[in-house]
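Residue-level listing of the chains:
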Amino acid sequence: MRVTLIHGQSHRESSYHLGQILAKKIAQAEDIEEIFLPADFKEFCCGCANCFIKGEETCPHYQQVKQVLDKIDRAQTLIFTTPVYAMRTSGGMKTLLDHLSYQFMVHRPSELSFKRQAVVIATGAGGGMRSACKDISTSLFHWGTARTYTYKMASASTTWQNVKEDKKKRAEMDLSGMAKTIIDRSFAPVPRVPVKLWFHLCRLVIPKMGNDCDMNYWRDKGWLDKKRPWPVIALGDRIKSGWESVTFKFSELTKKKVASQEAVSKNLQK
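This write-up is about the structure you can find in this document. In this text, all values refer to a predicted model and were calculated from it rather than measured experimentally.

With that out of the way, let us pick up the pattern of salt bridges. Applying the stated criterion across every chain yields a total of 15 salt bridges. For Glu 33, the salt bridge identified is with Arg 2, shortest N-O distance 3.4 Å. Here Arg 2 lies in the segment before β1 (3-7) and Glu 33 lies in strand β2 (residues 32-36), a separation of 31 residues in the sequence. The exposure class of Arg 2 is partly exposed, given its relative accessible area of 29%. Linking Glu 56 and Arg 108 is a salt bridge whose minimum nitrogen-to-oxygen distance equals 3.0 Å. Of this pair, Glu 56 sits in the loop between α2 (50-53) and α3 (62-73) while Arg 108 is found in the loop between α4 (91-99) and β4 (117-124), placing the two residues 52 residues apart along the sequence. When salt bridges that share partners are traced, they join Arg 2, Asp 31, Glu 33 and Arg 74 into one network.

Glancing now at the sheet that holds β1. Judged by pairing direction, the sheet is parallel, and its five strands sit side by side in the order β2-β1-β3-β4-β5 without closing on themselves. For this open sheet the edge positions go to β2 and β5 (147-154), each flanked by a neighbour on one side alone. Averaged over neighbouring strand pairs, the angle between their axes works out to 15° when direction is ignored. In this structure, β4 lies alongside β5, joined through eight bridges in parallel fashion.

This next bit is on the state of the cysteines. Under the criterion given, the structure shown has zero disulfides. There is no disulfide at Cys 213, and the cysteine sulfur nearest it, in Cys 51, is 9.1 Å away.

Within this model, the second largest pocket holds a volume of roughly 230 Å³. Considering the residues around the second largest pocket, the lining is formed by 14 residues, among which Glu 56, Leu 69, Tyr 102, Gln 103 and Tyr 217 are closest to the centre. Counting residues per element, the ones that place at least two in the lining of the second largest pocket are α3 and α8 (212-221). No other element matches α3, which puts five residues into the lining of the second largest pocket. Classifying every residue of the lining of the second largest pocket gives five nonpolar, three polar and six charged.

Attention now goes to helix α5 (residues 129-143). Between the first and last C-alpha of α5 there are 21 Å, a value that for 15 residues agrees with the 21 Å anticipated at 1.5 Å per step. Asp 135 marks where α5 bends most, by close to 25°. By the burial criterion, the buried members of α5 are Met 129, Ala 132, Cys 133, Asp 135, Ile 136, Ser 139, Leu 140, His 142 and Trp 143. Residues of α5 that are buried make contact with β3 (77-83), α4, β4, β5 and α7 (193-205). Among the residues trailing α5, Gly 144 stands out with phi positive, at a value near 95°.

Scoring rules and cut-offs
- Here, residues in each chain are numbered from 1, in the same order as that chain's written sequence.
- Residue-level local features of this predicted model are given only where pLDDT is at least 70; pairs of side-chain atoms are given and counted only at 80 or more, and the full residue set underlies all totals for whole chains, interfaces and linings.
- In computing side-chain values, all of the structure's heavy atoms are included and hydrogens and water are not.
- Definition used for salt bridges: Asp or Glu carboxyl oxygen within 4 Å of a side-chain nitrogen of Lys or Arg.
- For helices the rule is a DSSP run of H or I covering at least 4 residues; for strands it is a run of E covering at least 2, with both sets numbered from the N terminus onward.
- Only protein chains enter the accessibility calculation, which uses a 1.4 Å probe; a residue whose area is less than 20% of its type maximum is buried, one above 50% is exposed, and one in between is partly exposed.
- Strands are treated as partners if at least two bridges between them are detected by DSSP.
- Lines fitted to the C-alpha atoms define the axes, with helices restricted to the stretch that makes contact. Angles between their N-to-C directions range from 0 to 180 degrees.
- Pairs of cysteine sulfur atoms within 2.5 Å are identified as disulfides in what follows.
- We place a 1 Å grid over just the protein atoms. Points where a 1.4 Å probe fits but has no way out form a cavity, open points with protein on both sides within 12 Å along at least 5 of 7 lines form a pocket, and any residue with an atom within 4 Å of a point lines it.
- Grid points are joined across faces, edges and corners, and a volume is the space filled by probe spheres set on the points.
- Throughout, the ten residues Ala, Val, Leu, Ile, Met, Phe, Trp, Tyr, Cys and Pro are labelled nonpolar, Asp, Glu, Lys and Arg are labelled charged, and all others, Gly among them, are labelled polar.
- By definition here, a helix of n residues has an expected span of 1.5 Å times n minus one.
- Two axes enter the definition of the bend at a residue: one is fitted to the seven residues ending there, the other to the seven starting there, and the bend is the angle between them.
- A contact between two residues is defined here by any heavy atoms of the two lying within 4.5 Å.

Take a look at the structure:
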């Protein structure tokens, strides 16, 4: 599985380390790419609206955007990490999201988004993690991302080194569970119902908005007709996949129960 980490900061503290922990659980080192903001992208959106009306290639910062977008497009799973700044996501992260808003479903979403999973990780010494996650997950929803997961940690510290060990251990356990879910769904992630509903609403609105750039994009993709950007899985395959998932989980629970009973038995013998 290919993974791209988008860090909303250039320093390497709590959110960076949590992103690394998760990435290494779902991908090999050679399949992981990273983007550091603002180091890898510094330009502020100037509000010219060229990306909406004329196409993303007419953005004055297109070449810089494309370098970041190439790494995003190569990924099957995206991991966004951000510290809490002023109770929200970092300015560097917001700047990137501003430049990619032309990929909202109401404009020209990338077909890749509908087959991709994403994780948003936010850390803060105190609060604001929920708002920081929402800043990013809102964009991911409008991109059409198939599945989005969030993880929030109140680190009670501005450095990873000073985060308490029990918090680190708990994070390790939580991210292990999340990694398993991501891997289980990686074979063919299908967008959640709210994403599909919003896509269909946009499909009705696009012809009435008078934006030729968006209209031509949707028409060329075939989305105004019967074609859809997400993978269509036959009902039989869905049932088979669901059954395999259930039996696997039951098998894992059985193994844990047997191991626990054996451990108790050994302790009693001692």
